[in-house]
Amino acid sequence: MRTTLPVLLACLLTVVVATGATAAAPPSLRTVRDFGAVGDGEADDTAAFQQAVDARAGDIRVPRGRYRLTRPVVVDLDRVGPTSVEGTGSATIVMAGPGPALRFVGTHGGTASPRTVQPNVWDRQRSPAVVGVEIVGAHDEADGIEAAGTMQLVLDRLTIRKARHAVHLVERNRNVIVTACHLYENRGVGLYLDDVNLHQINVTGCHISYNGGGGVVVRAGNVRNLHVTGCDIEGNMAAGGPPTANVLIDSRGGSAGCGEVAVVGCTIQHTHGAPDSANVRFIGTDAGGVPRGNVVIADNVLSDVQVNVHVAKARGVSVTGNTFWKGYAHNLLVEDSRGLVVGPNLFDRNPAYQAEKDARAAIVFRRCADATVTGLHIAGVKDAPAGLVLQDCRRCNVTGCTILDCDGVGVLLRNVSGSRVSDCLIGHDDPPQGWRPVVKEGCENVLIDAAVPPPASAPQNADQP
């Protein structure tokens, strides 16, 4: 008995060592290299990626390397089950063929309500994810990621560049999260909601820049609950391309348009040299002529485009707490809309920005109704009819604004009815000939009560004698 125990332990140790040396890695630890991927940037790794997906491993791990694909890797969620493609930031996927590098396909036909989600969606399709990889386009029609029919798609810590569209959401999706991503220098759109039926999408902490067709773009479709928060979004328009915007929401042609939108706490800027460029543009009327809205544009820093904020054919829009400058045509342009709250906002002309001398920075409401405009600080509008223009508007309440040193006149009311301008400070330290604080043309039932300070020279700096 004394010799049996050591012999038994020795045998068990031999078995453990032998098993550890020869057994395959657990499925949760396998990578695309276990399915034949080379990752040298030359070999075609498409088949290996597709085999890894089709093996139903769930977690498709992508270690450091440069993986070349020539056709889309299709993740058919109902067939392969819950799937994520994950790296640690050191892997690059090169899409050298047309279409998306990764295409996620689900069957979710319900809403965001749990009672509409079918059992197979919860069991096999929920929460697909792409995390921690770079995707680089190497074909004129290469895209980064496409999704259709998904439930709870998560895109996290990605870099997607030199593709056509970085992220392309089509057909129908629900509950999408895009966070901490760099969607950078793509020929088309950074994040493209393309005639999609999509409710609930959060875009947070992303850098979306230098995409030629727009930054965050919604066209047509049926989109609700779009939240863009804490992002840097800039330069998303090609100098020779069609007009677009850093954030473009265009309901025209959509079955139910886009509404219930928040663009909050972002820096949004560039490029004023692109035709009709805008930082935030919301066009609200859908295919049935219904004006969509319920939009908040708040606490953003906005500059260096033709129009900083453009709202058209919308209802229920709030624009508050923003800092505007370098709107080369308009800082704010609101057309054919109603149910508006604008203010407080800062519309400034900062001499530290020398290029700003060419910006008109106009603020215009045209054919609008039922608007509250309050607490605006407007300074230095130039080469425009007035610091603030209301044209063909009714039931507008302009109160508590400060309007200083603007060309033309302070406030111009043209064909306005049932409105008032009151409790405003309107002045000019060096008034041009013919300057007046308020001018009414063709107005009916308009109340004016505004204070006009006398002209004065600009104050000296505190450190000057």
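Draft legend 1. Focus on the overall build of the chain. For the chain, the helix and strand inventory stands at four helices and 40 strands. Counting only C-alpha atoms and orienting by the principal axes, one finds that the chain spans roughly 110 × 60 × 50 Å. Evaluated residue by residue, the chain yields a buried proportion of 51% over its 465 residues. Distance from the positive charge centre (42 side chains) to the negative charge centre (46 side chains) of the chain: 5 Å.

Draft legend 2. Local environment of the pattern of salt bridges. Applying the stated criterion across every chain, the model contains 19 salt bridges. The salt bridge partner of Arg338 is Asp370, with a shortest N-O separation of 2.9 Å. One end of the pair, Arg338, is in strand 29 (residues 338-342); the other, Asp370, is in strand 32 (residues 369-374), with 32 residues separating them in the sequence. Note on Asp370: relative accessible area 23%, which makes it partly exposed.

Draft legend 3. Structural context of the environment of Ile249. Along the chain, Ile249 falls in strand 21 (residues 245-250). Residue classification places Ile249 among the buried residues on the basis of a relative accessible area of 3%. Each C-alpha atom, one on Ile249 and one on Val223, is 9.6 Å from the other, the two residues being 26 residues apart in sequence. Dropping the residues within four chain positions of it, Ile249 is found in contact with Val218, Leu226, Cys258, Val261, Arg281, Phe282 and Ile283.

Draft legend 4. Summary view of unusual backbone geometry. Thr271 follows His270 through a cis peptide bond whose omega is 20 degrees. Residue position: Thr271 is located in the loop between strand 23 (267-269) and strand 24 (278-283). A cis geometry characterises the amide bond from Gly343 onward to Pro344, with omega recorded as -10 degrees. For Asn294, which is not a glycine, the phi torsion comes out positive at approximately 55 degrees. As for its placement among the helices and strands, Asn294 is situated in strand 25 (residues 293-298). Asn294 gets classed as exposed once you look at its relative accessible area, which sits at 54%.

Draft legend 5. Structural view of the nonpolar core. Core analysis: the biggest nonpolar cluster contains 118 residues, and Leu169, Val203 and Phe365 have the highest contact counts within it. Ranked by the residues each element gives to this core, the list is headed by strand 16 (residues 189-204), at eight residues. When residues no more than four places from it in sequence are discounted, the contact partners of Phe365 are Leu332, Val334, Leu340, Val342, Val373, Leu388, Val389, Leu390, Gln391 and Cys393.

Draft legend 6. A look at the pairing of strand 10 (residues 142-148). Burial within strand 10 is extensive, with seven of its seven residues counted as buried. Relative to strand 14 (residues 167-179), strand 10 runs parallel, the two sharing three bridges. Residue pairing across strands places Ala147 opposite Leu169, the latter belonging to strand 14.

Draft legend 7. Structural detail: helix 2 (residues 46-54). Among all positions in helix 2, only Thr46, Ala48, Phe49, Gln50, Ala52 and Val53 are buried. Where helix 2 is buried, its residues contact strand 1 (40-44), strand 2 (59-61), strand 3 (65-69), strand 4 (73-76), helix 3 (77-80) and strand 6 (91-95). Two residues or fewer past helix 2, Arg56 is found with a positive phi of approximately 60 degrees.

Draft legend 8. Examining the packing of aromatic side chains more closely. Taken as a whole and judged by the stated rule, the model has four aromatic pairs. Aromatic pair Phe49 and Tyr67: ring centres 5.6 Å apart, planes at 65 degrees, arrangement edge-to-face. Placement of the pair is Phe49 in helix 2 and Tyr67 in strand 3, with a sequence separation of 18 residues. Take Phe49 and Tyr67: they sit in the same class, and that class is buried. Here Phe324 and Phe347 contribute two aromatic rings whose centre-to-centre distance is 4.4 Å and whose plane-to-plane angle is 25 degrees, an arrangement assigned as stacked. Of this pair, Phe324 sits in strand 28 (residues 323-335) while Phe347 is found in strand 30 (residues 346-347), placing the two residues 23 residues apart along the sequence. For the pair formed by Phe324 and Phe347, the shared burial category is buried.

Draft legend 9. Main features of the pairing of strand 34 (residues 386-391). Of all six residues in strand 34, five are buried, a share of seventy percent or more. In the sheet, strand 34 pairs with strand 37 (residues 409-414) via five bridges, with the strands oriented parallel. Residue pairing in the sheet places Leu390 in a bridge with Leu413 of strand 37.

Draft legend 10. A look at the state of the cysteines. Per the counting criterion, the structure on display carries zero disulfides. The thiol sulfur of Cys424 is not disulfide-bonded, and the nearest other cysteine sulfur, from Cys401, lies at 4.5 Å. Looking at the unpaired Cys443, the closest cysteine sulfur is the one in Cys393, lying at 9.8 Å. Look at Cys443 and you get partly exposed, because its relative accessible area is 22%.

Draft legend 11. Highlighting the side chain of Asn225. Its place among the elements puts Asn225 in strand 19 (residues 222-229). Of note is the side chain of Asn225, whose polar atom sits 2.9 Å from the side chain of Glu260. Contact partners of Asn225, with chain neighbours within four places excluded, come to His199, Gln200, Ile201, Gly259 and Glu260.

Draft legend 12. Seen up close, the side chain of Asp250. With respect to the helices and strands, the residue Asp250 is situated in strand 21. Leave out the neighbours within four places in its chain, and Asp250 touches Val218, Arg219, Ala220 and Ile283.

Draft legend 13. Spotlight on the environment of Ala48. Its place among the elements puts Ala48 in helix 2. Given the relative accessible area of 7%, Ala48 is considered buried. For the pair formed by Ala48 and Ile233, sequence separation is 185 residues and the distance between their alpha carbons is 35 Å. Those residues in contact with Ala48 that sit more than four places away from it in its chain are Val32, Phe35, Gly36 and Ala37.

Quick notes on the rules
Residues numbered from 1 in each chain as written. Predicted model: local features only at pLDDT ≥ 70, side-chain atom pairs only at ≥ 80, totals over all residues. Heavy atoms only, no water. Helix = DSSP H or I, 4+ residues; strand = E, 2+ residues; numbered from the N terminus. Buried < 20%, exposed > 50% of the residue type's maximum accessible area, 1.4 Å probe, protein only. Lys, Arg positive; Asp, Glu negative; His and termini not counted. Charge placed at Lys NZ, Arg CZ, Asp CG, Glu CD. Salt bridge = Lys/Arg side-chain N within 4 Å of Asp/Glu carboxyl O. Contact = heavy atoms within 4.5 Å. Core = buried A, V, L, I, M, F, W, Y, C linked by side-chain atoms within 4.5 Å. Pairing = 2+ DSSP bridges. Phe/Tyr/Trp six-rings, centres within 6.5 Å; stacked < 30°, edge-to-face > 60°. Disulfide = S-S within 2.5 Å. Polar contact = N/O pair within 3.5 Å; in protein donor to acceptor, adjacent residues only side chain to side chain.

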